[in-house]
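Chains, contacts and geometry: an overview
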Amino acid sequence: MKVLVVGGGAREHIMAEVAVRDGAELFVALNNKNPGLLDLSSEFLFCKDMNPIAISKWAHEKNIDLALIGPESALASGIVDNLNTLDIPAMGPTKSASRIEVDKEFMRDLSSEFSFPGQLDYKVCSTVEEARHFLESFGKDCAIKPIGLTGGKGVKVMGDQLHSIDEAVNFCEEIIDTQMSGYAKVVLEERAIGEEFTLQAFISGEIVIPMPAAQDHPHALEGDIGAITGGMGSYSQADGLLPFLSQSDYDSALETICATAAAMNSINSPYRGILYGQFILTSDGPRLVEYNARFGDPEAMNALSVLNSNFLEVSMDIALGNLKSVDFEPKATVCKYVVPEGYGTTPRSDCSLEVDSTLLSSSGASIYYAAVNLEENNQISTTTSRSAAVVGKGDSIESAEKVTEAGLKAVSGMGLYVRHDIATEASISKRVSHMENLRS
Ligand code: GLY
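Residues numbered from 1 in each chain as written. Predicted model: local features only at pLDDT ≥ 70, side-chain atom pairs only at ≥ 80, totals over all residues. Heavy atoms only, no water.

**Structural notes on the overall build of the protein chain**
Cut-off, in case you're wondering: Each helix is a run of DSSP H or I of at least 4 residues and each strand a run of E of at least 2, with the numbering of both proceeding from the N terminus. Radius of gyration here is computed from C-alpha atoms only, and the compact-globule reference equals 2.2 Å multiplied by the residue count raised to the power 0.38. Here the term buried applies to any residue with accessible area under 20% of the maximum for its type, exposed to any over 50%, and partly exposed to those in between, with areas from a 1.4 Å probe on protein chains only. Here, two residues are considered to be in contact whenever any of their heavy atoms come within 4.5 Å of each other. Accessible areas in this description were obtained via Shrake-Rupley with a 1.4 Å probe; residue shielding takes into account the shown protein chains only. By the counting scheme adopted, Arg and Lys are positive, Glu and Asp are negative, and His together with the chain ends is not counted. A single reference atom marks each charge: NZ on Lys, CZ on Arg, CG on Asp, CD on Glu.
When its secondary structure is counted, the protein chain shows 15 helices and 25 strands. Computed over its C-alpha atoms, the radius of gyration of the protein chain comes to 21 Å, within 12% of the 22 Å expected for a compact globule of 440 residues. The principal-axis extent of the C-alpha atoms belonging to the protein chain is close to 60 × 50 × 40 Å. Relative to its 440 residues, the protein chain shows a buried fraction of 57%. For the protein chain, the share of sequence-separated contacts (at least 6 apart) that also reach a separation of at least 24 residues comes to 69%. When the accessible surface of the protein chain is summed, it comes to about 17100 Å², and 48% of that surface belongs to carbon and sulfur atoms. Across the protein chain, the mean location of the 34 positive side-chain charges is 1 Å away from that of the 61 negative side-chain charges.

If you want it as structure tokens, here you go:
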């Protein structure tokens, strides 16, 4: 089967690797020279602006049988609609269905109209006065967000980055006045207190098959401090739960996802693709923070590393609205990202990365390249974004973490940084105690 993967990061690298494992002849459309993707592919389209029409036309010329879409920007630009017009099945939501991520007003209104379990209080405001009035009368801290996509960088939280109502109102003003993300509006959402976790699901209309839960680490620096980033690493547990997340918490989050799939169906915008739910486990159960219309990055590494089912069959079933079953290997996974120093604030852009493949292979870990470029001299140069994800698997988080750390020893280079604290016993105990304290 000829399979197109759209996107050039670590998420797309593991999607491609699993697709090839399951029999794909691989074609890739990307805008960086990801060495892992270039190595796996028969042909690639280097497409600086990732134009959905140009990519779809190329897919048609190459007789692609199935497209797997990585980034939200491609989904938001309507690439699935373009591919479907050319009779190419695609695993990913249409432009209309991807509003679940791309338009936070749409997502919150849907959650309210269909009474999703675990929803948060919210208000969408078009003026600064309206925002001030809401913040003053609401009396609780809020997360303040633009409506559209901002590459994960547009959110500020009261009590965290914003220290008074005036600071919060100033940020609302900035969002509205600059039309941040393309809208002169701001979303104010009740701030949920607890532990963040991710629940991803394969969805085809009303059929929802969840993946193991995972926990990302958005802060740039060890000890969960520093800037909020795209995610520095994540872990999952062999039974699909997390050390602080019970089966009943997992089931509650899944109910929210199922309610969302049903709601999308009833508004005639059936969802076919991956739905990524970001939740906060509060003392009263999970609360829905936001959705992404694609695999998480790094969480794709946790889920796809333990996918037993044939990824191509699952993806084709989703694209054709016929999802049946998905099996996962009962293993824990730990992913740690190698990033340029300063990532999240003032990242270096002149770093290099080398991988000792013999050492990597003996460690049992895997590497997935992200925003790097294979240069003509065969060196790998970094950019200002994440460089490579190293992933280990084991029977427990502890053993998976050891594999990941052994794998990281195979990666060297100038000016690189890793959060080695991710998934260590100390870091996990901190999270478990946090939830125990909140619940006591
Ligand atoms: N883990 C964050 C994201 O995928 O957006």
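**What to know about the sheet that holds strand 9 (residues 186–190)**
Put simply, the rule is: Pairing between two strands is assigned when DSSP locates at least 2 bridges connecting them. Convention adopted: a line fitted to C-alpha atoms gives each axis, helices being fitted over their contacting stretch, and angles between N-to-C directions are expressed from 0 to 180 degrees.
Taken together, the four strands give an open sheet; going across it, the order is 6-9-7-8, and neighbouring strands pair in antiparallel fashion. A single partner strand is all that each edge strand has here, and the edge strands are strand 6 (122–125) and strand 8 (156–157). Of the strands in this sheet, strand 6, strand 7 (142–146) and strand 9 touch helix 7 (residues 104–113), which is tilted by about 140 degrees from strand 6. Sitting on the sheet, helix 9 (residues 165–177) touches strand 6, strand 7, strand 8 and strand 9, and the angle it makes with strand 7 is about 15 degrees.

**Quick look at the site of the ligand**
How we decide: We call a residue near a molecule or strand when any one of its heavy atoms sits within 4 Å of it. Any pair of N or O atoms that falls within 3.5 Å is considered a polar contact. Within protein, one atom must be able to donate a hydrogen and the other to accept it, and sequence-neighbouring residues count only if both atoms are side-chain atoms.
Near the ligand the following residues occur: Asp216, Gly230, Tyr276, Asn292, Arg294, Gly296, Asp297, Pro298 and Glu299. Measuring from a nitrogen atom of the ligand, one finds a side-chain N or O atom of Tyr276 at 3.1 Å. The fraction of the free accessible surface of the ligand (200 Å²) that becomes covered by protein chains is 81%.

**Quick notes on the packing of helix 8 (residues 128–138) against helix 9**
Which entries qualify depends on this criterion: Oblique is the label for any angle not covered by the other classes, which are roughly parallel (under 35 degrees), roughly antiparallel (over 145) and roughly perpendicular (65 to 115). The handedness criterion is simple: a crossing whose near helix is rotated anticlockwise from the far helix by less than a right angle is left-handed, and one whose near helix is rotated clockwise is right-handed.
Between helix 8 and helix 9, the shortest axis-to-axis distance is 9 Å and the interhelical angle comes to 150 degrees. Classed by the angle they form, the pair helix 8 and helix 9 counts as roughly antiparallel. The hand of the helix 8/helix 9 crossing is right-handed. Between helix 8, through Val128, Ala131, Arg132, Leu135 and Glu136, and helix 9, the contact on the second element is made entirely by Ile165, Asp166, Ala168, Val169, Cys172, Glu173 and Ile176.

**Points about the pattern of salt bridges**
What counts is decided by this rule: In what follows, salt bridge is the name for a side-chain nitrogen of Lys or Arg lying within 4 Å of a carboxyl oxygen of Asp or Glu.
Counted by the stated rule, this structure contains 30 salt bridges. One salt bridge in this structure joins Asp224 and Arg419, with 2.8 Å as the shortest N-O distance. On the criterion of sequence distance, the pair formed by Asp224 in the loop between strand 13 (219–221) and strand 14 (225–228) and Arg419 in the loop between strand 25 (416–418) and helix 15 (425–439) is long-range, its members being 195 residues apart. For Asp317, the salt bridge identified is with Lys324, shortest N-O distance 3.3 Å.

**Section: helix 15**
The condition that has to hold: To estimate the expected span of a helix, subtract one from its residue number and multiply by 1.5 Å. An arc is given here, and it is the one of the directions from the helix axis to the C-beta atoms.
In this model, helix 15 (15 residues) spans 21 Å end to end at C-alpha, consistent with the 21 Å of a helix rising 1.5 Å per residue. Among the residues of helix 15, those classed as buried are Ser427, Ile428, Arg431 and Met435. Projected down its long axis, helix 15 carries its buried residues within an arc of 105 degrees, all on one side. Residues of helix 15 that are exposed and point over 90 degrees away from its buried face: Glu425, Ala426, Glu436 and Asn437. Buried residues along helix 15 sit against strand 10 (195–204), strand 12 (215–216), strand 15 (233–236), strand 16 (272–282) and helix 14 (397–408).

**Concerning the sheet that holds strand 17 (residues 285–292)**
With antiparallel pairing, four strands are arranged side by side in an open sheet as 11-10-16-17. Each end of this open sheet is capped by a strand with a single partner; those strands are strand 11 (207–210) and strand 17. Pairs of neighbouring strands in the sheet enclose a mean axial angle of 35 degrees, with direction left out of account. In this sheet, strand 11 lies alongside strand 10 in antiparallel orientation, the contact comprising four bridges.

**Regarding the environment of Glu136**
Topologically, Glu136 is positioned in helix 8. Here Glu136 falls in the partly exposed class, since its relative accessible area comes to 49%. Placed 33 residues apart in sequence, Glu136 and Val169 show a C-alpha to C-alpha distance of 10.0 Å.

**Looking at helix 10 (residues 247–266)**
Here helix 10 contains 20 residues, and its C-alpha end-to-end distance of 28 Å stays within 8% of the 28 Å for a straight helix at 1.5 Å per residue. Of the residues making up helix 10, those classed as buried are Asp249, Tyr250, Ala253, Leu254, Thr256, Ile257, Thr260, Ala261, Ala263 and Met264. With its phi angle positive at about 60 degrees, Asn268 sits one or two positions after the end of helix 10.

**Side note on the packing of aromatic side chains**
The following threshold applies: In summary, the pairing rule links any two rings of Phe, Tyr or Trp, Trp by its six-membered ring, whose centres are within 6.5 Å, and it sorts them by plane angle into stacked for under 30 degrees, edge-to-face for over 60 and tilted for everything else. The rule for a charge over a ring is simple: NZ of Lys or CZ of Arg within 6 Å of the ring centre, and within 35 degrees of the ring normal.
Inspection of every chain in the model, using the stated rule, returns six aromatic pairs. The interplanar angle of 90 degrees and the centroid separation of 6.2 Å between the aromatic rings of Phe202 and Phe295 together place this pair among those described as edge-to-face. Taken together, the positions of Phe202 in strand 10 and Phe295 in the loop between strand 17 and helix 11 (299–304) put the pair 93 residues apart, joining distant regions of the chain. The class of Phe202 is buried, set by a relative accessible area of 1%. Given a relative accessible area of 2%, Phe295 falls into the buried group. Ring geometry for Phe295 versus Phe311: centroids 6.3 Å apart, planes at 50 degrees, classification tilted. Of this pair, Phe295 sits in the loop between strand 17 and helix 11 while Phe311 sits in helix 12 (residues 311–319), and the two are 16 residues apart along the sequence. Three or more aromatic residues joined by ring pairs make a cluster, and in this case those are Phe202, Phe295, Phe311 and Phe328. The cationic tip of Arg99 hangs over the ring face of Phe106; the distance from NZ or CZ to the ring centre is 4.1 Å. Positioned above the aromatic ring of Tyr276, the side-chain terminus of Arg294 is 5.8 Å from the ring centre.

**Considering the environment of Met15**
Looking at where Met15 falls in the secondary structure, it is placed in helix 1 (residues 10–21). Residue class for Met15 comes out buried when judged on its relative accessible area of 1%. Taking the C-alpha atoms as reference points, Met15 and Ala319, 304 residues apart in sequence, are found 16 Å from one another. Not counting residues within four places of it along the chain, the set of residues in contact with Met15 comprises Leu68, Ile69, Gly70, Phe295, Leu304 and Phe311.

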